[in-house]
2 protein chains.
Amino acid sequence: MIGERVDRAPGPADFAEPPTPADRARWLDADRIDRPERLARLRARFAAVGVDTYFGTRSEHSRYLTGFVLGDGEDRVSGSSGWFLIGADETIVCADSRYRIQAGRQASDARIEPVYGDLDARWVELVDGIGARRIAVEAGAVSHATWTRLAAAGSAELVPVEGWIEADRAIKTAAELERIGAACAVADRALAALLPEIRVGATERELALRLEWSIRTGGADGLAFDVACLAGPEAALPHGSPGDRPILAGEVLLFDFGAKVDGYRSDMTRTLFVGEPSARDLAVYRIVAEAQASAIAGVEAAVRAGGPLPSGRAVDRMARDVIVREGHGEHFGHGTGHGIGLATHELPHLGLRATDEPLPSPTVFSVEPGIYLDGQTGVRIEDLLAVDVEAGRVESLTRFPKGILVVGF
Amino acid sequence: MIGERVDRAPGPADFAEPPTPADRARWLDADRIDRPERLARLRARFAAVGVDTYFGTRSEHSRYLTGFVLGDGEDRVSGSSGWFLIGADETIVCADSRYRIQAGRQASDARIEPVYGDLDARWVELVDGIGARRIAVEAGAVSHATWTRLAAAGSAELVPVEGWIEADRAIKTAAELERIGAACAVADRALAALLPEIRVGATERELALRLEWSIRTGGADGLAFDVACLAGPEAALPHGSPGDRPILAGEVLLFDFGAKVDGYRSDMTRTLFVGEPSARDLAVYRIVAEAQASAIAGVEAAVRAGGPLPSGRAVDRMARDVIVREGHGEHFGHGTGHGIGLATHELPHLGLRATDEPLPSPTVFSVEPGIYLDGQTGVRIEDLLAVDVEAGRVESLTRFPKGILVVGF
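Residues numbered from 1 in each chain as written. Chains lettered and ligands numbered in written order. Predicted model: local features only at pLDDT ≥ 70, side-chain atom pairs only at ≥ 80, totals over all residues. Heavy atoms only, no water.

Student: Now, about the relation of the copies chain A and chain B: what can you tell me, with residues and values included?
Tutor: The transformation that overlays chain A on chain B combines an axial shift of 0.0 Å with a rotation of 180°, and the residual RMSD is 0.0 Å. The operation mapping one copy onto its partner corresponds to a two-fold rotation axis. Counting the interface residues of chain A, we find that 100% of their copies in chain B are interface residues as well, pointing to one common contact surface. (Least-squares fit on C-alpha atoms with pLDDT ≥ 70 in both. Contact = heavy atoms within 4.5 Å.)

As structure tokens, this is what we get:
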């Protein structure tokens, strides 16, 4: 039943074991095998806009298409290392001396070109070498300054395109879903391990750090994003940061966090109750739980019917209608969900401004309605749903119970 | 003496204490007091290019000019939240519902405007409201797609500019240098605390995680960037990631890491020796140490002479000449240093492609020559130098000893 109490607090052993070296080797193989198909899908888009080459700079796209990996935030210091050109027959990955060896290992099917701050100076040579005349450029990621310099360097015409690789990445292979599932399990175990540590007087920051430590030592490569741990009125800030104020009895305690396994991310929100919940918080919790259940049920019904899936806008509406009906429409300011994979937020988008196109399949997205009462309290419940119409599958990759869980005493 | 053995391994108590709440309160005040001056410096640039407004999207710039803070990597999910317009009299900060409360608290002198995915739809209204006719746009950060949409939205003309705020941020106030120094001390203490844990058979990943934990629980808000811990031949990858291979006796062990304190970052590299060093590694170490000392001595001489400082190119040459003279020119592929502050890499740049302009003052930059022998070994030594010509100051903010330090037995 939605919004019931959880009768037994979960422990780490209730969730899947961390990934093994054999899992990781299998995923590496899967990526190597999938990469030519990914390139073929990209090249299949060339004719429609009359281009012969693609130029990209986003680090997730580079990893997806070439195998070259930058750590989170590393693109701030890597210059043009990892930027790539994909022609009709060949892939070029730029790498300065710091990244040369790594790029050769990881992007073993690509030609690695030494490029420093001087991509515009080398542009004509690279473009001519790959036989490019009209180049599709990832306009949502390439800065206007870089665009201007490359256009001025000449040789090939630049054609702005957006969303190509994003659309391809929204459709997930089994090996991708496995990794997201593995990241979810690491996160589930970590939150379960944290439960006995939660008590009145602990601080958000302490708990966030302990949770992170569990994730980082529990099979993840890292966090998907900084842990949000927000108590009481702070939970009304959907993207707040953990603070040093001791947690009080009777407050909600919201965790929004995720793990990263082999580059793939998880994302889950649980709102717990530290000591006996107030009637207000319970009422809000039940509305959010019902909103989430309503959206999930809508997806399940579509899959049972053999498709098509509802649109991201329609799924958003299913959750939002419940919240609006209960008078909290203005307290739910964000979208209902987002795709996830190599990036924490990727396509598909589920929200008021999403398209009316059916959601893609197979895919994975979050379902995360929330209600935020300024200065009082906030509740959000977030799960990741793996959906495959053809296989008749709708499965929550996040497994931590989401009933009312009272902790801290 | 350069390249001598360190006779006593340092302990955490050899370095400054972590920052106190009083320090943090003082820094918050300093930022509030400095912000109008920062805005005035920006506006003083308007006349030369005939603009009346500035539009920026970089999160460090937003923090610097408006006070609005995004966590590391948060700009990947924050959409246009934090993007800002600075007109002749007014500042606008965009924030969607997730960031509204936070933006109101942090950017208390700005007008907070609710903007979702629809900045281009609201552009004319915002631009007219702030009285903008010609807007300087941060062309190195704004994507070409955003540029095109805002230009098409009309009303004001867009003028691409680059490097304005970067140049201002290169010059550091005392309160900024204090925070970088505090971050350095947290990092120094953390490495000192790690020394007894280093032994043959430990893995790079274990040591990196322990070091990170010390930093995160030792007074930092977070890491400046992911810890690099690289042993033996892996140290030849200047931006490698820690792996699971056990460390062998006789290998170098390179740590490149930094802490973040109140948004300001540190960056230090130390190359230690696990067990008795080889003659090859010692020889390489001494060359790198001499190269670093040569660059630092050049800066000190200029400050003693009352300025001007050498250029970033000249300081790079001072270090590089030593390495080239010893026959390792091709094994030192990166620049000698970079400025640091709210970003890990910022102006000034010290390298082969740096300008011939004298370095700014007061400022802070890294001096970090290295030698990398593919498949064999790598050595880098990196310190942060605070330099103030007027005050006659050249001071290493990183204090961890940099003689030959043998650990792990």
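Student: Outline the pattern of salt bridges, supporting the account with residue identities and numerical values.
Tutor: This structure, assessed with the given rule, holds 92 salt bridges over all chains. Via salt bridges that share partners, Asp31, Asp34, Arg38, Arg63, Arg179 and Asp262 of chain A belong to a single interconnected network. (Salt bridge = Lys/Arg side-chain N within 4 Å of Asp/Glu carboxyl O.)

Student: So, the interface of chain A and chain B: which residues are in play, and what are the values?
Tutor: Taken together, the contact pairs 43 residues of chain A with 43 residues of chain B. Carbon and sulfur atoms make up 53% of the surface buried where chain A meets chain B, a total of about 3800 Å² over both sides. It is Arg98, His144 and His239 of chain A that lose the most area in chain A upon contact with chain B, and together they represent 18% of the buried surface on that side. Linking chain A with chain B are twelve salt bridges. At the level of secondary structure, the elements contributing two or more residues to the side of chain A that touches chain B comprise helix H3 (59-66), helix H4 (100-106), helix H6 (144-153) and helix H9 (204-216) of chain A. (Buried area = accessible area lost by both parts, 1.4 Å probe. Helix = DSSP H or I, 4+ residues; strand = E, 2+ residues; numbered from the N terminus.)

Student: Now, about unusual backbone geometry: what can you tell me, with residues and values included?
Tutor: Cis rather than trans, the peptide bond between Gly307 of chain A and Pro308 of chain A has omega equal to -5°. Even without being a glycine, Asp262 of chain B presents a positive backbone phi close to 50°. Mapped onto the elements, Asp262 of chain B comes out in the loop between strand E10 (259-261) and strand E11 (264-265).

Student: How would you summarise the domain arrangement of chain A if you had to cite specific residues and measurements?
Tutor: All names here are of chain A. Per the domain assignment, the segments of chain A are domain 1 (45-169) and domain 2 (172-407). Centre-to-centre, using C-alpha coordinates, domain 1 lies 34 Å away from domain 2. Summed over the shared surface of domain 1 and domain 2, the number is four salt bridges. A salt bridge links Arg169 to Glu346; its shortest N-O distance comes to 2.5 Å. Counting every contact that joins domain 1 to domain 2 gives five residue pairs in polar contact (both at pLDDT 80 or more). Within the residue set of the side of domain 1 that touches domain 2, elements represented by two or more residues are H3 and helix H7 (164-170). (Domains from an automatic or database assignment. Polar contact = N/O pair within 3.5 Å; in protein donor to acceptor, adjacent residues only side chain to side chain.)

Student: Can you explain the sheet that holds strand E5 (residues 134-138) of chain B? Please cite residues and give values.
Tutor: All names here are of chain B. Taken in spatial order, the six strands make up an open sheet running E4-E3-E2-E1-E5-E6, and their pairing is mixed. Each of the sheet's edge strands pairs with one partner strand only, and the pair in question is strand E4 (111-114) and strand E6 (157-161). Each adjacent strand pair in this sheet contributes to an overall mean axis angle of 25°, direction not counted. In this structure, strand E3 (residues 91-95) lies alongside E4, joined through four bridges in parallel fashion. Looking across to E4, one finds that Ile92 is bridged to Arg111. Each of strand E1 (53-56), strand E2 (84-86), E3 and E5 touches helix H3 (residues 59-66); the most contacted strand, E2, lies at about 45° to it. (Pairing = 2+ DSSP bridges. Axes fitted to C-alpha atoms, helices over the stretch in contact; angles between N-to-C directions.)

Student: Which residues make up the packing of aromatic side chains, and what are the values?
Tutor: For the structure shown, the criterion picks out 17 aromatic pairs over all chains. The ring of Phe332 of chain A carries the charged tip of Arg320 of chain A above its face, separated from the ring centre by 4.1 Å. (Phe/Tyr/Trp six-rings, centres within 6.5 Å; stacked < 30°, edge-to-face > 60°. Lys NZ or Arg CZ within 6 Å of the ring centre and 35° of its normal.)

Student: Talk me through the environment of Ile215 of chain A; I want residue IDs and the actual numbers.
Tutor: Residues and elements named next belong to chain A. Note that Ile215 resides in helix H9. Residues Ile215 and Leu28, spaced 187 residues apart in sequence, show a C-alpha to C-alpha distance of 22 Å. Look past the residues within four positions of Ile215 in its chain and what remains in contact with it is Val186, Ala190, Ala220, Gly222, Leu223, Phe257, Gly258 and Ala259.

Student: Go over the environment of Arg105 of chain B with me, naming the residues and quoting the values.
Tutor: Along the chain, the position of Arg105 of chain B falls in helix H4 (residues 100-106). C-alpha of Arg105 of chain B to C-alpha of Gly67 of chain B: the two residues are 38 residues apart in sequence and 9.1 Å apart in space. Apart from the residues within four sequence positions on either side, Arg105 of chain B is in contact with Glu234 and Leu237 of chain A.

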